[in-house]
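# Summary of structural features
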Amino acid sequence: MACLGKTNMDEFAMGTTGENSAFGSTLNPWDPGRVPGGSSSGSAAAVAARLVPAALGTDTGGSVRMPAAYCGVSGIKPSYGLVSRRGMVAYASSLDQAGAFAASARDLRLLLRAVAGHDPQDSTSLPQAACAAAPLGKDGLQGLKIGVAPEFFAAGVEDGVAASVREAVAALEQLGMRAVEVAMPSLAHAIPAYYVIACAEASSNLARYDGLLYGSRAAADGLDATVARSRSAGFGAEVQRRIMLGTFVLSHGYVDAYYRQALKVRQLVRRDFETAFESCDLLAAPAAPTAAPPLGSFVDDPVLMYSQDLCTAPANLAGLPAIALPCAPVGGLPAGLQLIGPMLAENLLLSAGEAYQEATEHHKALPPGCEDWA
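The paragraphs below set out a description of the structure included in this document.

Analysis parameters
Residues numbered from 1 in each chain as written. Predicted model: local features only at pLDDT ≥ 70, side-chain atom pairs only at ≥ 80, totals over all residues. Heavy atoms only, no water. Helix = DSSP H or I, 4+ residues; strand = E, 2+ residues; numbered from the N terminus. Buried < 20%, exposed > 50% of the residue type's maximum accessible area, 1.4 Å probe, protein only. Areas by Shrake-Rupley, 256 points an atom, 1.4 Å probe, with all protein chains shown as cover. Lys, Arg positive; Asp, Glu negative; His and termini not counted. Charge placed at Lys NZ, Arg CZ, Asp CG, Glu CD. Pairing = 2+ DSSP bridges. Axes fitted to C-alpha atoms, helices over the stretch in contact; angles between N-to-C directions. Expected span 1.5 Å × (residues − 1). Phe/Tyr/Trp six-rings, centres within 6.5 Å; stacked < 30°, edge-to-face > 60°. Lys NZ or Arg CZ within 6 Å of the ring centre and 35° of its normal. Parallel < 35°, antiparallel > 145°, perpendicular 65-115°, else oblique. Contact = heavy atoms within 4.5 Å. Core = buried A, V, L, I, M, F, W, Y, C linked by side-chain atoms within 4.5 Å. Patch = residues over 30% accessible without salt bridge, like charges linked within 9 Å, V, L, I, M, F, W, Y side chains within 5 Å. Salt bridge = Lys/Arg side-chain N within 4 Å of Asp/Glu carboxyl O. Arc of directions from axis to C-beta. Left-handed = near helix turned anticlockwise from the far one by under 90°.

So, about the overall build of the protein. A count of helices and strands for the protein gives twelve helices and eight strands. Taken over the C-alpha atoms alone, the protein extends approximately 70 × 50 × 40 Å along its principal axes. The buried share of the protein, reckoned over its 374 residues, is 57%. Surface summary for the protein: the accessible area is close to 15600 Å², and the carbon and sulfur share equals 56%. Each charge class in the protein was averaged separately, 26 positive and 35 negative side chains, and the resulting centres sit 5 Å apart.

Set out below in structure tokens:
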């Protein structure tokens, strides 16, 4: 497997849009005036433009599935611990997971086989290998229950995206699967819990970037001034915002009110998934609540930017595998179907994705101008 180069991304993987980079915004091949999604923006854009057949990314709260949806490619976040994180710069250690992009679910299977497996140098690495089993095929998917939770289609999900995802679920039913409704009430609290936990872990992980042993150093008189100036100059605005939020929720007098409460909500989200999977085999949801927004849409409203993770962050909180697949476009822009599975259900997810893409053409669509070299 050859590496063609490095792709752009949000600084320290902190961003939903691909705009928080020291190298400037990544552009969406479908419309350069729109965001490609983040944080793994460059990887998704490169695959969408067919500059590369596949690319790697990381997913802490949707950073593979969100850009996959915005750019019209397939992306997978494996089960927590299935792919080694050795070499990755830690953002939120209990949430981070390496993932992959490709033009199709079939190509994702090939890439996941290459990168998954136990790594003794990663303490969170699982002993299992991924997707060693053969694809299930259409016969093996007959009667598969696809859970649809209304909470995944709550306020914030555009009508066009919701309709596109429901159309994709109907296509799965045409293949012999069956849609069933499930309830996941804790999803309403998943985003606040996710950002408390993620920012708390970011505050801890990025404390080492003090300009002394790690990170850039800004000249100043005295140790305290050097550290303060180095961290101010070395981190972008969004990274500073998340570090400060994380430091606040871990501070004396607030850790019980925020961080520990968020951990309790995380457990409730996990239980909701466990209960749902008693009634279904996979869950279907939007991968992103909207089609790709225009560049600059969230510059002055970071809370609105955080809300874009409402469909993707729950799987990270529970450590579950999830795949994003192109479905019917909305307003001429890509939209994404997300399938979420139980722990280590990658083969089932990829098999369902492969069957869906054999029956549809959405994953074959190319951005304007990219047809000649695809």
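For the rest of this paragraph, the subject is the pairing of strand S6 (residues 282-286). The side chains of a regular strand alternate between both faces of the sheet. A large share of S6 lies buried, amounting to five of its five residues. Examined bridge by bridge, S6 and strand S8 (residues 333-340) share four bridges and lie antiparallel to one another. When the bridges of S8 are listed, Ala-285 appears paired with Gln-338.

This part covers the sheet that holds strand S3 (residues 98-102). Taken in spatial order, the eight strands of this open sheet run S1-S3-S2-S7-S8-S6-S4-S5, and their pairing is mixed. The strands lining the two open edges of the sheet, one partner per strand, are strand S1 (54-58) and strand S5 (178-181). Mean inter-strand twist for the sheet, computed between neighbouring axes without regard to direction, equals 30°. With three bridges connecting them, strand S2 (residues 74-77) and strand S7 (residues 322-330) associate as antiparallel partners. When the sheet's bridge partners are listed, Gly-75 is paired in S7 with Ala-324.

Time to look at helix H6 (residues 190-205). Spanning 16 residues, H6 covers 22 Å between terminal C-alpha atoms, matching the ideal 22 Å at 1.5 Å per step. Of all 16 residues making up H6, 14 are buried, and the element is well covered by its neighbours.

Once that is clear, we can look at the packing of aromatic side chains. Going through the model one piece at a time under the given rule, you end up with ten aromatic pairs. Aromatic pair Phe-12 and Tyr-209: ring centres 5.2 Å apart, planes at 75°, arrangement edge-to-face. Residue Phe-12 is found in the segment before helix H1 (41-48), and its partner Tyr-209 is found in the loop between H6 and helix H7 (223-234); the two are separated by 197 residues along the sequence. Of the residues examined, Phe-12 reaches a relative accessible area of 22% and is grouped as partly exposed. With 4.8 Å between their ring centres and 85° between their planes, Tyr-194 and Tyr-195 make a pair best called edge-to-face. By relative accessible area, which is 5% here, Tyr-195 ends up buried. Put simply, the rings of Phe-12, Tyr-209, Tyr-214 and Phe-235 pair up and form one aromatic cluster. In this structure, Arg-166 packs its charged tip against the face of Phe-153, placed 4.1 Å from the ring centre.

Once that is clear, we can look at the packing of helix H3 (residues 105-115) against helix H12 (residues 346-359). Any two packed helices are characterised by how steeply their axes cross, that is the angle between the axes, and by the distance between the axes. In the contact formed by H3 and H12, the axes pass within 8 Å of each other and the chain directions differ by 150°. Taken as axis vectors, H3 and H12 run roughly antiparallel relative to one another. In contact with Ala-105, Arg-106, Leu-108, Arg-109 and Leu-112 of H3, H12 contributes Glu-346, Asn-347, Leu-350, Ser-351, Gly-353, Glu-354, Gln-357 and Glu-358.

Let us look at the nonpolar core. Membership of the largest hydrophobic core comes to 92 residues, with the highest contact counts inside it found for Phe-152, Phe-273, Leu-283, Ile-323, Leu-337 and Leu-339. For this core, the leading source of residues is H6, giving eleven residues. The contacts of Phe-273, once residues within four sequence positions are left out, are Phe-152, Met-184, Leu-283, Pro-314, Ala-315, Ala-318, Leu-320 and Ile-340.

A contiguous nonpolar surface patch, about 450 Å² in accessible area, is contributed by Leu-212, Leu-213, Tyr-214 and Leu-223. One can find Leu-223 in helix H7. The exposed category is assigned to Leu-223, whose relative accessible area is 53%.

Across its 16 residues, helix H5 (residues 159-174) extends 23 Å between first and last C-alpha, which sits within 8% of the 22 Å expected from 1.5 Å per residue. The set of residues buried in H5 consists of Val-161, Ala-162, Ser-164, Val-165, Ala-168, Val-169 and Leu-172. Down the axis of H5, the smallest arc covering the buried residues is 165°, so these residues share one side. Among the exposed residues of H5, those oriented more than 90 degrees off its buried face are Asp-159 and Gln-174. Of the surrounding secondary structure, the elements contacted by the buried residues of H5 are strand S4 (145-148), S5, S6, S7, S8 and H12. Residue Gly-176 follows H5 closely and has a positive phi angle near 105°.

One way to put it is that H6 packs onto helix H9 (residues 255-276) with a least axis distance of 9 Å and a crossing angle of 125°. Here H6 lies oblique to H9, going by the angle between them. Crossing of H6 over H9 shows left-handed handedness. Contact with H6, carried on its side by Ala-190, Ala-193, Val-196, Ile-197, Ala-200 and Glu-201, involves Tyr-258, Tyr-259, Ala-262, Leu-263, Val-265, Arg-266 and Val-269 of H9 and no other residues of that element.

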